[in-house]
Amino acid sequence: MVNVKEYLQNIKEKTHHNYGHQVEFLQAIDEFLETIYPFLEVNPIYVEKNILEMVLLPERLIEFRVPWMNDSNEWKVNTGYRVQYNSAMGPYKGGLRFHPSVNQSIIKFLGFEQIFKNALTSLPIGGGKGGSDFDPKGKSDGEIMRFCQSFMQELQKHIGADTDVPAGDIGVGGREIGYLFGEFKRLNGYQAGVLTGKPLAYWGSLARTEATGYGLVYFVQHLLADSKDSFKGKKVMVSGSGNVAIYAIQKAQSLGALVYGCSDSSGYVIDTDGIDVNLLKKIKEVKRERISVYANQRPNAVFYKNENIWNHEMEYDIALPCATQNEIYELQAQKLIDNGIKIVAEGANMPTTLPATELLRKEGIVYCPGKASNAGGVAVSALEMAQNSQRQPWSFDHVDAELDKIMKNIYENCRDTAMEYAEPMNLMAGANIAGFERVAAAMLSQGLV
Ligand code: NDP
């Protein structure tokens, strides 16, 4: 009879010993191990068969050289990655991130989270992630295109509609997916289902652009509905001003919320008249300008240079971190508590550190972990794969309605699993256990593979 606590402790020590330098990866593992105990205690088979230790290791990690030429004809090189983490539930699925901070640790933490996120959608997708330390900021279209082509020359050896289907993430939007798709097509012929987040012109899905932000708001809407509440009149703050942030703001506003602030890596803006989302889209999606430009164009908006939006003092109800990992440490969590917020729902992946989530939960704030609340993007990516296989596009309303259904299901699954194994509204435990339960059962039934 295995002692589950000892088993977990041994795994934790071994992982820290082997990957001590991979800080973000260890953070994601620790957060997961923290919550899984009660499930293993009543399902010892996963300990006896050592499924937990297996799930922590990627099936495959590919690292490659990406040479490219800039506009001054200088030779440059970056590192590319793809982690094919777990295929128990289906083809590897997860985005590509282009950002200077990308390294093995970041790609592995994202890939690990993706396994359980994808399982929570109840769609047939395994977990993967990829990207590069290439920085698209300030690059010309030609430079972006040449980089994407070089990146795909290697990546294409490892992906396919039924094996591994990448999508976008930070720094990878429709433009980058288009260049990546074009290069894949040149090398392999036209295969619609090999990438998702494609432009509509060649089999992208309606509502994919909106999906992560909308899905996040649907998740919170179902949470609020449990206590007969809604977004109407709620004061909301959002970090980031990229794909996830913009559509979270748009959907929250359409449900009657007042969104006062958003940010980018240069600082944040507070607009007491409410964020003008159309102006924000023009600045960010069309002109690709900095967030300070927004404040210059609105009478009552103020720009706070190089400041973290979660340090802002102001009373509000809901915080939606939608920028990047580790935005909210204990200091910021305490600020949120002092500001009187009731809910933190993550649009980004792992924006809140483990001690910060513990502090929030101790104070009775509902914390919605990204692997559940931001699953709308990958869910609609899986719906894009379904449309590509059927050679049949679905209407915006149909995809949007499916997204809402999926987010409701994820919320209820996390809530009910938390109730069964942990404590009421410990949605982090609910998400980890519900996701692991599906993946572990599939792994067990597939044998040692
Ligand atoms: P975008 O590239 O569209 O936007 C990212 C936003 O976050 C930008 O405003 C960016 O500012 C800001 N940001 C990035 N890094 C930092 C930093 N170090 N400090 C402060 N701000 C920063 O990415 P997405 O909106 O697609 O992704 C945002 C988050 O959501 C990520 O964590 C991603 O993994 C997660 N996510 C995305 C999904 C999707 O479908 N796109 C799906 C699920 C999760 P700046 O432009 O100045 O860098």
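Residues numbered from 1 in each chain as written. Predicted model: local features only at pLDDT ≥ 70, side-chain atom pairs only at ≥ 80, totals over all residues. Heavy atoms only, no water.

Pairing within the open sheet is mixed, and its five strands lie in the order β1-β2-β4-β3-β5. Looking along the sheet, the strands with just one partner apiece sit at the ends: β1 (60-69) and β5 (164-167). Ignoring which end each strand starts from, the neighbouring axes of this sheet average 20° apart. Alignment of strand β2 (residues 75-86) against strand β4 (residues 126-132), held across six bridges, turns out to be antiparallel. Paired with Tyr81 across the strands is Gly131, a residue of β4. (Pairing = 2+ DSSP bridges. Helix = DSSP H or I, 4+ residues; strand = E, 2+ residues; numbered from the N terminus. Axes fitted to C-alpha atoms, helices over the stretch in contact; angles between N-to-C directions.)

For the rest of this paragraph, the subject is unusual backbone geometry. Positive phi outside glycine occurs at Asn306, with the angle close to 55°. Structurally, Asn306 can be placed in the loop between β9 (301-305) and β10 (318-321). What makes Asn306 exposed here is its relative accessible area of 60%. With phi around 65°, Met425 is a residue other than glycine that occupies positive phi space. Structurally, the position occupied by Met425 is in the loop between α16 (396-421) and α17 (427-446). (Buried < 20%, exposed > 50% of the residue type's maximum accessible area, 1.4 Å probe, protein only.)

UniProt's entry tags Lys93, Gln114, Lys117, Gly168 and Ser381 with the feature "binding site: substrate" (unreviewed entry), counted in the numbering of this structure. Assessed through its relative accessible area of 4%, Lys117 is described here as buried. Ignoring sequence-local partners within four residues, the contact set of Lys117 consists of Asn349, Gly370, Lys371, Asn374, Ala375 and Val378. Tracing the backbone through its elements, the reader meets Gly168 in the loop between β5 and α7 (174-188). Here Gly168 falls in the partly exposed class, since its relative accessible area comes to 23%. If sequence neighbours within four positions are ignored, Gly168 has contacts with Gly95, Leu96, Ile177 and Thr196. (UniProt positions renumbered as here; feature names shortened; annotations may be inferred. Contact = heavy atoms within 4.5 Å.)

Per the UniProt annotation, the sites labelled "active site" (unreviewed entry) are Lys129. Following the sequence through the fold, Lys129 ends up in strand β4. For Lys129, a relative accessible area of 3% translates into the label buried. Those residues within four positions of Lys129 in sequence are excluded, and the remaining contacts are Arg82, Val83, Gly94, Gly95, Ile107, Leu110, Gly111, Gln114, Asp169 and Asn349.

A few words on the sheet that holds β9. Taken in spatial order, the seven strands line up as β9-β8-β7-β6-β10-β11-β12 in an open sheet, and their pairing is mixed. Two strands in the sheet have a free side with no partner beyond their single neighbour: β9 and β12 (366-368). Between one strand axis and the next, the sheet turns through 15° on average, direction left out of account. Relative to strand β11 (residues 343-345), β10 is paired through two bridges, and the arrangement is parallel.

So, on to empty space enclosed by the protein. For the structure on display, the rule yields one cavity of 30 Å³ or more. Around the largest cavity sit 14 residues that line it, and Glu31, Met350, Thr352, Tyr367 and Met428 are the ones nearest its centre. Counting only elements with at least two residues in the lining of the largest cavity, the list comes to α2 (23-42), α13 (354-362) and α14 (370-373). Grouping the amino acids of the lining of the largest cavity by side-chain chemistry returns five nonpolar, five polar and four charged. (1 Å grid on protein atoms, 1.4 Å probe; cavity = no way out; pocket = protein on both sides within 12 Å on 5 of 7 lines; lining within 4 Å. Points joined across faces, edges and corners; volume = space filled by probe spheres on them. Nonpolar A, V, L, I, M, F, W, Y, C, P; charged D, E, K, R; others polar.)

When their charged atoms lie close together, side chains carrying opposite charge are able to pair. Tallied over the full model, the rule gives 22 salt bridges. Between Lys284 and Asp264 there is a salt bridge; the shortest N-O distance is 2.7 Å. Here Lys284, found in helix α10 (residues 277-286), pairs with Asp264, found in strand β7 (residues 258-264); they are 20 residues apart in sequence, far enough to count as distant. Of the two residues, Lys284 and Asp264, both sit in the buried class. Arg298 is paired through a salt bridge with Asp271; the nearest N and O atoms lie 2.7 Å apart. With Arg298 in the loop between α11 (292-296) and β9 and Asp271 in strand β8 (residues 267-271), this residue pair connects regions lying 27 residues apart in the sequence. In the salt-bridge network here, residues are joined through shared partners; they are Glu31, Glu113 and Lys371. (Salt bridge = Lys/Arg side-chain N within 4 Å of Asp/Glu carboxyl O.)

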